[in-house]
Amino acid sequence: PLDEHFWTTLEPLPDCFDILRLVERLFGRDNVCILSSPSREPGSLAGKRRWIARHLAGYERRFLLGPCKHFCAGPDAVLVDDFDDNVAAFVAAGGKAVLVARPWNADHAVPPDQRLADLERKLRAAIDGP
């Protein structure tokens with residue numbers, strides 16, 4: 001089984017901090033909360049909490065860990081996520097959501113060197129509305 005150490009010591013994805021800086025710039029740092037869904041593996045919850053403390057200075061008390069991200073949805077809430085189902089559930093619950101392109105989701109065809117620009121375009125569209 002994947003223990004707490006596994007989750008705590010995962011390396012951030014290469015664009016992790018670029019994405020966070022983009023979101024902070026567009027929404028303001030005080031309006032950003034980290035949402036993460038722990039797996040059912042023992043230690044995932046505690047390991048993710050320690051990962052946040054280790055890698056995301058200033059977010060040690062600005063995170064929510066749980067599988068129901070859509071509970072945070074609302075007309076002024078924007079979810080940035082890499083899982084298609086989370087994005088769909090968030091939108092269905094009344095929020096706005098953008099998919100970060102990854103090999104495992106519907107936006108897999110976006111080239112890695114264009115992912116950040118793609119995300120910024122989608123975030124600006126979410127902010128500006130239809």
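From a predicted model like this one, the values you see are computed outputs, not experimental measurements.

Caption draft 1: Representation of the overall build of the protein. Secondary structure summary: the protein contains five helices and four strands in total. Mapped in sequence order, the helices and strands of the protein form the string α-α-β-α-β-β-α-β-α. The C-alpha radius of gyration of the protein comes to 15 Å, within 12% of the 14 Å expected for a compact globule of 130 residues. Along the first, second and third principal axes, the C-alpha set of the protein runs to 45 × 30 × 25 Å. Buried positions account for 37% of the 130 residues belonging to the protein. Contacts in the protein between residues far apart in sequence, at least 24 positions, make up 52% of those at least 6 positions apart. Surface exposure of the protein reaches about 8000 Å², of which carbon and sulfur atoms provide 57%. Averaging the coordinates of the 17 positive side-chain charges in the protein and doing the same for the 19 negative ones gives two points 4 Å apart.

Caption draft 2: Molecular detail of the packing of helix H2 (residues 16-27) against helix H5 (residues 115-128). At a closest axis distance of 11 Å, the pairing of H2 and H5 adopts a crossing angle of 25°. Of the possible angle classes, the one that applies to H2 and H5 is roughly parallel. In terms of crossing hand, the pair formed by H2 and H5 is right-handed. Here H2 contributes Asp-18, Ile-19, Leu-22, Val-23, Arg-25, Leu-26 and Phe-27 to the contact with H5, which in turn contributes Leu-116, Leu-119, Glu-120, Leu-123, Arg-124 and Ile-127. Considering only residue class, the contact of H2 with H5 consists of nine nonpolar, no polar and four charged.

Caption draft 3: Quick peek at helix H3 (residues 44-55). Look at H3: 16 Å from first C-alpha to last across 12 residues, which is about the 16 Å you get at 1.5 Å a residue. Buried within H3 are the following residues: Ser-44, Gly-47, Lys-48, Trp-51, Ile-52 and His-55. The buried residues of H3 occupy an angular sector of 140° when the element is viewed end-on, so they sit on one face. Buried positions along H3 lie against helix H1 (4-8), H2, strand S1 (34-36) and strand S2 (63-65).

Caption draft 4: Structural context of the packing of aromatic side chains. Here the structure, examined in full by the defined rule, presents one aromatic pair. The interplanar angle of 85° and the centroid separation of 5.0 Å between the aromatic rings of Phe-6 and Trp-7 together place this pair among those described as edge-to-face. Since its relative accessible area comes to 13%, Trp-7 is described here as buried.

Caption draft 5: Local environment of the side chain of Asp-81. Looking at the secondary structure, you find Asp-81 in strand S3 (residues 78-81). Classification of Asp-81 as buried rests on a relative accessible area of 4%. Within the structure, Asp-81 has its side chain in polar contact with the side chain of Asn-86 (distance 3.2 Å). Apart from the residues within four sequence positions on either side, Asp-81 is in contact with Lys-69, Asn-86, Val-87, Val-98, Leu-99 and Val-100.

Each value, and the rule that gives it
- Residues numbered from 1 in each chain as written.
- Predicted model: local features only at pLDDT ≥ 70, side-chain atom pairs only at ≥ 80, totals over all residues.
- Heavy atoms only, no water.
- Helix = DSSP H or I, 4+ residues; strand = E, 2+ residues; numbered from the N terminus.
- Rg over C-alpha atoms; globule rule 2.2 N^0.38 Å.
- Buried < 20%, exposed > 50% of the residue type's maximum accessible area, 1.4 Å probe, protein only.
- Contact = heavy atoms within 4.5 Å.
- Areas by Shrake-Rupley, 256 points an atom, 1.4 Å probe, with all protein chains shown as cover.
- Lys, Arg positive; Asp, Glu negative; His and termini not counted.
- Charge placed at Lys NZ, Arg CZ, Asp CG, Glu CD.
- Axes fitted to C-alpha atoms, helices over the stretch in contact; angles between N-to-C directions.
- Parallel < 35°, antiparallel > 145°, perpendicular 65-115°, else oblique.
- Left-handed = near helix turned anticlockwise from the far one by under 90°.
- Nonpolar A, V, L, I, M, F, W, Y, C, P; charged D, E, K, R; others polar.
- Expected span 1.5 Å × (residues − 1).
- Arc of directions from axis to C-beta.
- Phe/Tyr/Trp six-rings, centres within 6.5 Å; stacked < 30°, edge-to-face > 60°.
- Polar contact = N/O pair within 3.5 Å; in protein donor to acceptor, adjacent residues only side chain to side chain.

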